[in-house]
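Listed here are the chains, written in short residue letters.
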Amino acid sequence: MNDGMSELVKRDEPLEGELIEAMPKPRDPRARDEYMQALAMELSERRLREGTASSAEIVFWLKRSSPKEKMEMENLELQNKLLSAKTEAINSERLGNEKYEEAMRMFAGYTGNGVHDENGE
């Protein structure tokens, strides 16, 4: 009997969840958190496919795929880009100020109003 289902059972490649479970458990707290999230998502996905997902799981995924949620995620990404741009601008301004001060010290040395060495010269 070859009904197609037996072909699914006889697979050569592991499923995504099996790959996650085969991964070594990370020691870094952030990487460990991402690993745990991947496991939870895999379990939830499996339950959705099998029809055994709880109503909370179903509602979670429905909310996550809603247009409002997608817009909120896009807004957060744009805010992150804006924050990065502001940080870069501040660092660039600081570097520019440092270069300006250095140039002013050098010019002051040329006019005779500059920094003197230890002998007062």
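From a predicted model like this one, the values you see are computed outputs, not experimental measurements.

How each quantity is defined
Residues numbered from 1 in each chain as written. Predicted model: local features only at pLDDT ≥ 70, side-chain atom pairs only at ≥ 80, totals over all residues. Heavy atoms only, no water. Salt bridge = Lys/Arg side-chain N within 4 Å of Asp/Glu carboxyl O. Helix = DSSP H or I, 4+ residues; strand = E, 2+ residues; numbered from the N terminus. Buried < 20%, exposed > 50% of the residue type's maximum accessible area, 1.4 Å probe, protein only. Contact = heavy atoms within 4.5 Å.

> Help me get a handle on the pattern of salt bridges, residues and values and all.
Scanning the entire structure with this criterion turns up two salt bridges. Notably, a salt bridge pairs arginine 49 with glutamate 45, separated by 2.1 Å at the nearest N-O pair. Highlighted residues: arginine 49 and glutamate 45, both in helix α3 (residues 29-50), separated by four residues, approximately one helical turn. On the basis of relative accessible area, arginine 49 is assigned to the exposed category, the value being 60%. On the accessibility criterion, glutamate 45 (33% relative accessible area) is partly exposed.

> Residue-level account of the side chain of glutamate 57, with values.
Position of glutamate 57 among the secondary structure elements: in helix α4 (residues 55-64). The contacts of glutamate 57, once residues within four sequence positions are left out, are Ser44 and Arg47.

Shape descriptors only; they carry no functional weight alone.
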